[in-house]
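The chain contents come next:
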Amino acid sequence: TFTQLAGLLGHQRSHPTTVPPHPAPEAPHPPAAPQPAPERPYQCTECGKAFKGSSGLRYHMRDHTGERPY
């Protein structure tokens, strides 16, 4: 034990300083490849908008024909 701070500080200076190892730098990630767009095989002949299912296209065609769903 040390009765005075100066004694402790002198003792600590007698120990070699250890520097914690730095983690290795991470390699930069390559840019992600673009994901292919989901297939939308049903395309509107009026405006070109495409849909996954035929029912989506049928529902959309009401916008062009003015047909009401009721």
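Residues numbered from 1 in each chain as written. Predicted model: local features only at pLDDT ≥ 70, side-chain atom pairs only at ≥ 80, totals over all residues. Heavy atoms only, no water.

A few points about the overall build of the protein
Link 1 in the chain: Secondary structure summary: the protein contains 2 helices and 2 strands in total.
Link 2 in the chain: The C-alpha atoms of the protein give 36 Å as radius of gyration, which overshoots the globular expectation for 70 residues (11 Å, by more than 25%).
Link 3 in the chain: When its C-alpha atoms are laid out on the principal axes, the protein stretches across 95 × 30 × 15 Å.
Link 4 in the chain: Counting every position in the protein, which comprises 70 residues, the buried fraction comes to 6%.
Link 5 in the chain: A separation of at least 24 residues holds for 0% of the contacts in the protein among residues at least 6 apart in sequence.
Link 6 in the chain: Here the protein has roughly 6,900 Å² of accessible surface; of this, 57% comes from carbon and sulfur atoms.
Link 7 in the chain: Where the 7 positive side-chain charges of the protein centre and where its 5 negative ones centre are 8 Å apart. (Helix = DSSP H or I, 4+ residues; strand = E, 2+ residues; numbered from the N terminus. Rg over C-alpha atoms; globule rule 2.2 N^0.38 Å. Buried < 20%, exposed > 50% of the residue type's maximum accessible area, 1.4 Å probe, protein only. Contact = heavy atoms within 4.5 Å. Areas by Shrake-Rupley, 256 points an atom, 1.4 Å probe, with all protein chains shown as cover. Lys, Arg positive; Asp, Glu negative; His and termini not counted. Charge placed at Lys NZ, Arg CZ, Asp CG, Glu CD.)

Topic: the environment of Leu9
Link 1 in the chain: Its location among the elements puts Leu9 in helix α1 (residues 5–13).
Link 2 in the chain: Judged by its relative accessible area of 36%, Leu9 falls in the partly exposed class.

Description of the confidence of the model for the protein
Keep in mind that low pLDDT regions are not for reading the predicted coordinates in detail.
Link 1 in the chain: Mean pLDDT over the protein stands at 82; residues scoring 70 or higher make up 93%.
Link 2 in the chain: Here α1 is the element of the protein with the lowest mean pLDDT, 85, and strand β2 (residues 50–51) is the one with the highest, 92. (pLDDT = per-residue confidence, 0-100.)

Observations regarding the environment of Arg40
Link 1 in the chain: You can see Arg40 is positioned in the loop between α1 and β1 (42–43).
Link 2 in the chain: Given the relative accessible area of 43%, Arg40 is considered partly exposed.
Link 3 in the chain: Separated by 11 residues in sequence, Arg40 and Phe51 have C-alpha atoms that sit 4.7 Å apart.
Link 4 in the chain: Those residues within four positions of Arg40 in sequence are excluded, and the remaining contacts are Ala50, Phe51 and Lys52.

Overview of helix α2 (residues 54–65)
Link 1 in the chain: The first and last C-alpha atoms of α2 sit 16 Å apart over 12 residues, in line with the 16 Å expected at 1.5 Å per residue.
Link 2 in the chain: Looking one or two residues beyond α2, the residue adopting positive phi is Gly66, at roughly 80°. (Expected span 1.5 Å × (residues − 1).)

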